[in-house]
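So the chains spell out like this:
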Protein chains: 2
Amino acid sequence: MKIGIIGAGQLGRMLALAGTPLGQDFVFLDPATDACAAALGEHLCAGYDDREQLRRLAEDVDVVTFEFENVPAETVDFLAQYVPVYPNAESLRIARDRWFEKSMFQELDIPTPAFADVLSQVELESAVQLIGLPAVLKTRTMGYDGKGQKVLRQPQDVADAFAELGCVPCILEGFVPFTGEVSLIAVRGRDGDTRFYPLVHNTHKDGILRLSVASNAHPLQAQAENYALRVLDKLNYVGVLAFEFFEIDGGLKANEIAPRVHNSGHWTIEGAECSQFENHLRAIAGLPLGSTAKVGQSAMINFIGEVPAISKLAAIADCHPHHYGKAFKPGRKVGHATVRCADSASLQSRIAEVQALTD
Amino acid sequence: MKIGIIGAGQLGRMLALAGTPLGQDFVFLDPATDACAAALGEHLCAGYDDREQLRRLAEDVDVVTFEFENVPAETVDFLAQYVPVYPNAESLRIARDRWFEKSMFQELDIPTPAFADVLSQVELESAVQLIGLPAVLKTRTMGYDGKGQKVLRQPQDVADAFAELGCVPCILEGFVPFTGEVSLIAVRGRDGDTRFYPLVHNTHKDGILRLSVASNAHPLQAQAENYALRVLDKLNYVGVLAFEFFEIDGGLKANEIAPRVHNSGHWTIEGAECSQFENHLRAIAGLPLGSTAKVGQSAMINFIGEVPAISKLAAIADCHPHHYGKAFKPGRKVGHATVRCADSASLQSRIAEVQALTD
């Protein structure tokens, strides 16, 4: 089976590494000449709106998927005329826009922080009246890794906030005094079969994910699965979906969903029976899903800006380095390591060993 | 680091899948236009004696290795002028010739079946006098998967045997009434650090490996490691070496070595902390070696001629399919599956489930 992927970054790269043993071939469409997944398949070097190349892709592959959700809706609709596209257009439309996303959570009775749509400075000021401070103003689309958002703590922070984010449609969210951030990686097959990985504890720094630790029998696992199932069924979703939650007062509030394989699921390559990458491909290819059970205790440490010397990473027991083959640049995700151990105590010490190389 | 691989079949493919996360890039030299590793790197489509392309390869990469041992000695010598080549030329020279190989075992006090060099029909007849029947006549070079050999049971089998194998240099080996066949996958780094995977029980059919089961605390593990260490140190070997033994009377007799990653080590992708493919690449790249410890209980089932439907393989719990992307052809190795389980009883039942698809 031939799989088309829109985007050829590290997620595309790890998808191709997982799918090649299934006998799948890959065609990537990505405008970057140095896209890091390109070496693992055919690379159509073209813009996401290049209809000639999109048509070529659609005619060449059996199914198309996405490495990131900020694909123009027209691209998805255009492709869907010629070839099955998973996740579907509606899932992408919802997931790429914070307003649609939060409105869907509300409709499905999934708790969220207070939120309001903001289309102007005047609306922002009304929203602040309603929600109170502190609050977070976020662009409705195109935000990632802490980009496209501004925390409003004092009344004077409000004045220029809408302009600072570029006078684009925004959402104001009440600031949540969360005690932890967790994510649930879910996968749903073409036949509706749905599986969930164990909840992951995530630690961010400067808005960028740094550490993900897979949990053991987390008390909120069932609640998270229940919420995710509502979304998956509502969207008739096919593929991997990541659901990020705030942990607060012993419960969960929905933060956002990502309609794709997710950074907080990278540990599944070594740490689960079947990785999120393989399961995404199984789902979109109409294959039976693989087990989401854990293998040992695992955590993932992100490498931001640069990857420590592979010789140093390889010297750490239980450490599995993943170098994305991307140029090093401050703030850029360029690799990660998974540490997988027999027990949680060893895991903590291995995490510390890897983190010592990143300081 | 850029790795050159001579040969771009399934072993090259699995090497590239293991090395890509280490940040390694791959260049393959293989005359086959449809070589199945080609999609995972650059493919120089050229003969193994094409000096222009060999030179191009040598200048483009940091280190060269081999997917198979039957590379002409001139190819190895030519490459070694320009770039580090692992395993070294001497290891390939010995491993590709059964006479050199067995003579080395003898020199190192490693027990072998009785053997004699056979360069003519007359020498064959003397050798039969010496060794007795039954015996196996094998070409000294180029034999694999049971090809290039003939079992001599009766005196009348001897008459045309040398001609039947093409009047090429041969070796006559005493037939060994073995109770089992085991292999040891070893890896030695540039710095001499050496590690061993658990012994593997192998089952062949028509000369082709069908099933490999990783053992638990095999009573002959230490003996096998001792023998392998003698060979590795003697050859100043770098990379993965597979050592095949006959199990007989509670001891081991050396059958042959393969100076490369080996079919009986494929289970290590899922079944060991660090796979034979990653450890081979770590070794030749001068990186610290990874752990050879088992993860659960594993076995590998080869797919000969065709791969069962991926949908059926994916439906079997604990089963990890590996499709090589090669054209199906009787007798050809086109894929394998690893089953990895928590305990040996489940393993046996999973093996049976996979084997049921291959009948």
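- Within an unreviewed UniProt entry, the label attached to chain A reads N5-carboxyaminoimidazole ribonucleotide synthase, and the organism entered is Halopseudomonas formosensis.
- The heading Subunit (unreviewed entry) in the UniProt record of chain A holds the text "Homodimer."
- In its Pathway (unreviewed entry) section, the UniProt entry covering chain A states "Purine metabolism; IMP biosynthesis via de novo pathway; 5-amino-1-(5-phospho-D-ribosyl)imidazole-4-carboxylate from 5-amino-1-(5-phospho-D-ribosyl)imidazole (N5-CAIR route): step 1/2."

## Remarks on the overall build of chain A
And step 1. When its secondary structure is counted, chain A shows 13 helices and 17 strands.
And step 2. Relative to the compact-globule value of 21 Å for 359 residues, chain A shows a C-alpha radius of gyration of 20 Å, a close match.
And step 3. For chain A, the spread of C-alpha atoms along the three principal axes comes to 55 × 55 × 40 Å.
And step 4. Counting every position in chain A, which comprises 359 residues, the buried fraction comes to 59%.
And step 5. Restricting to contacts in chain A with at least 6 residues of sequence separation, those with at least 24 account for 61%.
And step 6. A total of about 13500 Å² of accessible surface is found on chain A, and carbon and sulfur atoms cover 49% of it.

## A closer look at the packing of aromatic side chains
And step 1. Applying the stated criterion across every chain yields a total of 18 aromatic pairs over all chains.
And step 2. Measuring from ring centre to ring centre gives 4.9 Å for A:Phe178 and A:Phe246, while their planes differ by 15 degrees; the resulting arrangement is stacked. With A:Phe178 in the loop between β8 (170-174) and β9 (180-188) and A:Phe246 in strand β13 (residues 239-248), this residue pair connects regions lying 68 residues apart in the sequence.
And step 3. Given a relative accessible area of 8%, A:Phe246 falls into the buried group.
And step 4. Ring plane angle 20 degrees and centroid distance 5.2 Å describe the contact between B:Phe105 and B:Phe243, whose orientation is recorded as stacked. Of this pair, B:Phe105 sits in helix α5 (residues 98-107) while B:Phe243 sits in strand β13 (residues 239-248), and the two are 138 residues apart along the sequence.
And step 5. Overall, the relative accessible area of 0% leaves B:Phe105 in the buried class.
And step 6. For B:Phe243, a relative accessible area of 0% gives the class buried.
And step 7. Ring-pair connections join several aromatic residues into one group, and the members of that group are A:Phe105, A:Tyr227, A:Phe243 and A:Phe245.
And step 8. A:Arg140 extends its terminal NZ or CZ atom over the ring of A:Phe100, reaching a point 5.2 Å from the ring centre.

## A word on unusual backbone geometry
Trans peptide bonds make up most of the peptide bonds, and negative phi angles are found at most residues other than glycine.
And step 1. Residue A:Leu133 is joined to A:Pro134 through a cis peptide bond whose omega torsion reads -5 degrees.
And step 2. Notably, B:Ala217 is not glycine yet its phi reads approximately 45 degrees, a positive angle.
And step 3. Along the chain, B:Ala217 falls in the loop between β12 (208-214) and α9 (221-234).

## Focus on the interface of chain B and chain A
And step 1. The partner chain A presents 27 residues to the 27 residues of chain B that form the contact.
And step 2. A combined buried area of about 2300 Å² lies between chain B and chain A, and 57% of that area is made up of carbon and sulfur atoms.
And step 3. The interface formed by chain B and chain A includes two salt bridges.
And step 4. A:Glu273 is paired through a salt bridge with B:Arg340; the nearest N and O atoms lie 3.0 Å apart.
And step 5. Taken together, chain B and chain A are joined by eight residue pairs in polar contact (both at pLDDT 80 or more).
And step 6. Counting only elements with at least two residues in the side of chain B that touches chain A, the list comes to α1 (10-19), α11 (276-284), α12 (310-314) and β16 (319-323) of chain B.
And step 7. The element that contributes the greatest number of residues to the side of chain B that touches chain A is β16(B), accounting for five residues.
And step 8. Of the residues that constitute the side of chain B that touches chain A, the class distribution is 15 nonpolar, seven polar and five charged.

## Quick notes on the pairing of strand β6 (residues 135-139) of chain A
Residues and elements named next belong to chain A.
And step 1. The buried count for β6 comes to five of five residues, which makes it a mostly enclosed element.
And step 2. By the alternation rule, side chains of β6 split into Ala135, Leu137 and Thr139 and Val136 and Lys138, which are all buried.
And step 3. Direction of pairing for β6 relative to β8: antiparallel, over a ladder of five bridges. Bridge pairing in β8 links Ala135 to Gly174.

## Remarks on the sheet that holds strand β1 (residues 2-6) of chain A
Residues and elements named next belong to chain A.
And step 1. Strand order across the open sheet formed by four strands is β3-β2-β1-β4, with parallel pairing between neighbours. The open sheet has two edge strands with one neighbour each: β3 (42-44) and β4 (63-66). For this sheet the average axis-to-axis angle between neighbouring strands, irrespective of direction, equals 25 degrees.
And step 2. Across three bridges, strand β2 (residues 25-29) lies against β3 in parallel orientation. By the bridge assignment for β3, Leu29 is matched with Leu44.
And step 3. Lying over the sheet, helix α11 (residues 276-284) contacts β1, β2 and β4, oriented at roughly 140 degrees with respect to β4.

Reading the values: rules and limits
- Residues numbered from 1 in each chain as written.
- Chains lettered and ligands numbered in written order.
- Predicted model: local features only at pLDDT ≥ 70, side-chain atom pairs only at ≥ 80, totals over all residues.
- Heavy atoms only, no water.
- UniProt positions renumbered as here; feature names shortened; annotations may be inferred.
- Helix = DSSP H or I, 4+ residues; strand = E, 2+ residues; numbered from the N terminus.
- Rg over C-alpha atoms; globule rule 2.2 N^0.38 Å.
- Buried < 20%, exposed > 50% of the residue type's maximum accessible area, 1.4 Å probe, protein only.
- Contact = heavy atoms within 4.5 Å.
- Areas by Shrake-Rupley, 256 points an atom, 1.4 Å probe, with all protein chains shown as cover.
- Phe/Tyr/Trp six-rings, centres within 6.5 Å; stacked < 30°, edge-to-face > 60°.
- Lys NZ or Arg CZ within 6 Å of the ring centre and 35° of its normal.
- Buried area = accessible area lost by both parts, 1.4 Å probe.
- Salt bridge = Lys/Arg side-chain N within 4 Å of Asp/Glu carboxyl O.
- Polar contact = N/O pair within 3.5 Å; in protein donor to acceptor, adjacent residues only side chain to side chain.
- Nonpolar A, V, L, I, M, F, W, Y, C, P; charged D, E, K, R; others polar.
- Pairing = 2+ DSSP bridges.
- Axes fitted to C-alpha atoms, helices over the stretch in contact; angles between N-to-C directions.

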